[in-house]
Amino acid sequence: MEATKNGKIGIIGTEATIRSGVYTELMKQMNPDIEVTGKPCPLFVPLVEEGLLHDSVTDEIAGRYLAALKEKYIDTLVMGCTHYPLLRSTLGRLMGEDVTLINPAYETAMELRGLLKEKAWTAARQEKERNISFTSATWQSALRISPQPSCQERLRKQKKLTLKSIKEQAQGRNRRA
């Protein structure tokens, strides 16, 4: 909210996010005088997942999506999906340097950091340092995945590759072919 100078904010997100109106409602509660325009950008997620971050296809689609927001003369653009910050350079270039891009996930993390420091819940204040992870069990069960092993566990289980083992694997493949 502090980022806008002209009171015109754009929000991009998935169809469901924009339809929910949650960002608009929250912003209007903080400042009823602002103008909030939401624009669903459903193709951004697959573009990011395909790795087309700096691609002419992404530029074309982004240009089409953002045209409606540019016509509203917004000066602040909220990236309301976790995938969208990966398109930050494209979005910034297409919107222009006068538009501030907001990543709510980053802003939330900074708020949480401040709260943890304020409440003295940081590792530095504790007798022994601990790592605490927060995950969404709902998300994991919805995708039917189990938590991934740590890097250390994976490295311990990994076989050491030697020239001999590589040759043996190659010979085994050649025999089967």
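Reading guide: rules and limits
- Residues numbered from 1 in each chain as written.
- Predicted model: local features only at pLDDT ≥ 70, side-chain atom pairs only at ≥ 80, totals over all residues.
- Heavy atoms only, no water.
- Helix = DSSP H or I, 4+ residues; strand = E, 2+ residues; numbered from the N terminus.
- Buried < 20%, exposed > 50% of the residue type's maximum accessible area, 1.4 Å probe, protein only.
- Areas by Shrake-Rupley, 256 points an atom, 1.4 Å probe, with all protein chains shown as cover.
- Arc of directions from axis to C-beta.
- Contact = heavy atoms within 4.5 Å.

**Regarding the overall build of the protein**
Here is step 1 of the chain: The helix and strand tally for the protein stands at nine helices and four strands.
Here is step 2 of the chain: Starting at the N terminus and walking to the C terminus, you meet the elements of the protein as β-α-α-β-α-α-β-α-β-α-α-α-α.
Here is step 3 of the chain: Classification of the 177 residues of the protein by burial places 26% in the buried group.
Here is step 4 of the chain: With the model as given, the accessible surface of the protein reaches about 13500 Å², and the carbon-plus-sulfur share is 53%.

**Section: helix 5 (residues 88-95)**
Here is step 1 of the chain: Burial in helix 5 covers these residues: Thr90, Leu91 and Met95. Projected down its long axis, helix 5 shows its buried positions confined to an angular sector of 115 degrees, all on one face.
Here is step 2 of the chain: Among the structural elements, strand 1 (8-13), helix 3 (44-49), helix 4 (56-71), strand 3 (76-79) and strand 4 (100-102) are those in contact with the buried residues of helix 5.
Here is step 3 of the chain: Of the residues one or two after helix 5, Gly96 is the one with positive phi, at around 100 degrees.

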